Amino acid sequence: QVQLVESGGGSVQAGGSLRLSCAASGYSISRYCMGWFRQAPGKEREGVADIDTVGSTSYADSVRGRFTISQDTAKRTLYLQMISLRPEDTAMYYCAADPWCRRGGYRAYWGQGTQVTVSS
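Given the structure is predicted, the values throughout are model-derived calculations rather than measurements.

For the rest of this paragraph, the subject is the sheet that holds strand 8 (residues 77-82). Strands belonging to one sheet form pairs held by backbone hydrogen bonds; the direction of such a pair is parallel or antiparallel. Read from one edge of the open sheet, four strands run 1-3-8-7, paired in antiparallel fashion. Each having just a single partner strand, strand 1 (3-7) and strand 7 (67-72) make up the two edges of the open sheet. Each adjacent strand pair in this sheet contributes to an overall mean axis angle of 15 degrees, direction not counted. Pairing of strand 7 with strand 8, which is carried by six bridges, proceeds in the antiparallel orientation. The partner of Gln71 across the bridge, within strand 8, is Leu78.

So this is what it looks like as structure tokens:
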């Protein structure tokens, strides 16, 4: 019913930048809390950034000041602008949506992920 497709991942050197995109279909993202998660091999999935239905944003301490979450509701697309990337940012990044705007790792819909690799 709802599909999320991430893109924009890739390999960059430390200090570089990437912009991830999440294209949504089947609904208006303005009616959902949207977010980005990431998971590195052998590690737990962690929340990176969220944006709620009125545009308020939140960030994990590890990315605050370096990552910016935004959305273009007309294009039904969520973005994550990442600057000053560090090797520890290397992970699979997932887009997620939740109509109930729940805290924690529970989300109604997930994308397939896009890989971000930051080399030193």
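Let us now look at the side chain of Thr114. Counting through the fold element by element, Thr114 comes out in strand 11 (residues 114-119). On the basis of relative accessible area, Thr114 is assigned to the buried category, the value being 10%. A polar atom in the side chain of Thr114 sits 3.1 Å from the backbone nitrogen of Gly9. Excluding its chain neighbours within four sequence positions, the residues that come into contact with Thr114 are Glu6, Ser7, Gly8, Gly9, Leu20, Ala91, Met92 and Tyr93.

Once that is clear, we can look at the state of the cysteines. Taken as a whole and assessed by the stated rule, the structure comprises two disulfides. Two residues share a disulfide in this structure: Cys22 and Cys95, whose sulfurs sit 2.0 Å from each other. When the S-S torsion is -75 degrees, as for the bridge of Cys22 with Cys95, the disulfide is left-handed. Here Cys22 is found in strand 3 (residues 18-25), whereas its partner Cys95 is found in strand 9 (residues 91-98), with 73 residues between them in sequence. In terms of burial, Cys22 and Cys95 fall into one category: buried.

A separate point is the side chain of Arg38. Topologically, Arg38 is positioned in strand 4 (residues 33-39). Reaching out from Arg38, the side chain makes a polar contact with the side chain of Ser62 at a distance of 3.4 Å. At 2.9 Å, the side chain of Arg38 and the side chain of Asp89 are in polar contact. When neighbours within four sequence positions are excluded, Arg38 is seen to be in contact with Glu44, Arg45, Glu46, Val48, Ser62, Val63, Phe67, Glu88, Asp89, Ala91, Met92 and Tyr93.

The pairing of strand 4 with strand 5 (residues 46-51) spans five bridges and is classified as antiparallel. Note that in strand 5 the partner of Met34 across the bridge is Ile51. Two elements, strand 5 and strand 6 (residues 57-59), share three bridges in a ladder whose sense is antiparallel. Across the sheet, Asp50 pairs through a bridge with Ser58, a residue of strand 6. Taking the residues between adjacent antiparallel strands as the criterion, strand 5 and strand 6 are bridged by five residues, where Gly55 takes a positive phi near 90 degrees.

Analysis parameters
Within every chain, residues take consecutive numbers counted from 1 along the sequence as written. Given that this is a predicted model, residues contribute local features only at a pLDDT of at least 70 and side-chain atom pairs are listed and counted only at 80 or more, while totals for whole chains, interfaces and linings are drawn from all residues. Side-chain figures throughout are based on the complete set of non-hydrogen atoms in the structure, without hydrogens or water. DSSP-based pairing: two strands are paired if at least 2 bridges between them are found. A helix here means a DSSP run of H or I that spans at least four residues, while a strand means a run of E at least two residues long, and both kinds are numbered starting from the N terminus. Note on definitions: angles span 0 to 180 degrees between N-to-C directions of axes, and those axes are lines fitted to C-alpha atoms, for helices only across the stretch in contact. The cut-offs for exposure are 20% and 50% of the maximum accessible area for each residue type, with area from a 1.4 Å probe on protein chains only; residues under the lower value are buried, those over the upper are exposed, and the others partly exposed. As used in this structure description, the phrase polar contact means that two N or O atoms lie within 3.5 Å; if the pair is within protein, one of them must be able to donate a hydrogen and the other to accept it, and residues adjacent in sequence are counted only when both atoms belong to side chains. Residue contacts are defined here by distance: any two heavy atoms, one from each residue, within 4.5 Å place the two residues in contact. Two cysteine sulfurs form a disulfide in these notes if their separation is within 2.5 Å.

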